Amino acid sequence: SVDNERFRSYYKENIHKNSLLRQELGLNVDHKIILYSGKYIEKKRPLDLLKAFHLLGDDNSTLVMLGEGELRQEMEKYILANKMKNVLLTGFVNQSEVSKYYLISDVFVMCSGKGETWGLSVNEAMNFHLPIIVSETCGSAHDLVKEGANGFSFHEGNINDLTHSIKEILRNEKKRKQMGEASSEIIESYSYSTCVRELVRNAI
């Protein structure tokens, strides 16, 4: 679990600033924002999302990749080689600033591979009413993804499935909002207070 109350409080207080925050971050206010949050390392498989975004071919979307890591040079080469536009590699972002990126996004993607036991970024994103797309390798996919209701899971490394899932969420604004609301409802049960209550209950 994560600090649901802190993230939900930020969401409620700042949701009306969506366009303003996009401008501050240098992002197109009319684009759909696909968000990745994690290190640029093999375990996180960031190149999978770059490839999916390239395959998506949507000029009205922007891919924002929060993080830094050893794969950055390879990612930059891929972007240049494929003449990709609308991709932002942010570099390291302080935890105090991360909420801004969740707030202005339309869908959250975690495409991690072996070694990703859960993926708490998924929890964080759901507190911001975001649909989620998570690889089946991530532990959170099996508990937090309700297929078709608040997002989709996909087989690790399957770029076509990942692309299809992104397309499905972005193409229907009404459905996307419904998925986001479902995420918010689901994550209510994964809070600090719930964890404490269950620990106490099982200890008795």
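Above this note sits the structure.
Residues numbered from 1 in each chain as written. Predicted model: local features only at pLDDT ≥ 70, side-chain atom pairs only at ≥ 80, totals over all residues. Heavy atoms only, no water.

**Some points on the pairing of strand β1 (residues 32-37)**
- Burial within β1 is extensive, with five of its six residues counted as buried.
- Sheet topology places β1 next to strand β2 (residues 61-66); six bridges connect them, and they run parallel. Within the sheet, the bridge partner assigned to Ser37 lies in β2 and is Leu66.
- Each parallel crossover has a hand, and the one from β1 via helix α3 (residues 46-56) to β2 is right-handed. (Buried < 20%, exposed > 50% of the residue type's maximum accessible area, 1.4 Å probe, protein only. Helix = DSSP H or I, 4+ residues; strand = E, 2+ residues; numbered from the N terminus. Pairing = 2+ DSSP bridges. Right-handed = clockwise from strand over helix to strand, strands pointing away.)

**Looking at the state of the cysteines**
- A complete count under the given rule lists zero disulfides for this structure.
- Not part of a disulfide, Cys111 finds its nearest cysteine sulfur in Cys138, a span of 8.0 Å.
- Just so you know, Cys195 is unpaired, no disulfide at all, and the nearest cysteine sulfur is the one on Cys138, 19 Å from it. (Disulfide = S-S within 2.5 Å.)

**Some points on a nonpolar patch on the surface**
- Taken together, the side chains of Val196, Val200 and Ile204 present a nonpolar region at the surface, about 340 Å² in accessible area.
- Here Val196 is to be found in helix α10 (residues 192-203). (Patch = residues over 30% accessible without salt bridge, like charges linked within 9 Å, V, L, I, M, F, W, Y side chains within 5 Å. Areas by Shrake-Rupley, 256 points an atom, 1.4 Å probe, with all protein chains shown as cover. Salt bridge = Lys/Arg side-chain N within 4 Å of Asp/Glu carboxyl O.)

**Considering the sheet that holds strand β5 (residues 132-135)**
- What the six strands build is an open sheet, ordered β3-β2-β1-β4-β5-β6; its pairing is parallel. Both outer strands of the open sheet, β3 (87-91) and β6 (151-154), are each paired with one neighbouring strand and no more. Taking the axes of each pair of neighbouring strands and ignoring which way they run, one obtains an average angle of 20° across the sheet.
- Across the sheet, helix α8 (residues 159-170) is in contact with β1, β2, β4 (107-110), β5 and β6; its angle to β6 comes to roughly 175°. (Axes fitted to C-alpha atoms, helices over the stretch in contact; angles between N-to-C directions. Contact = heavy atoms within 4.5 Å.)

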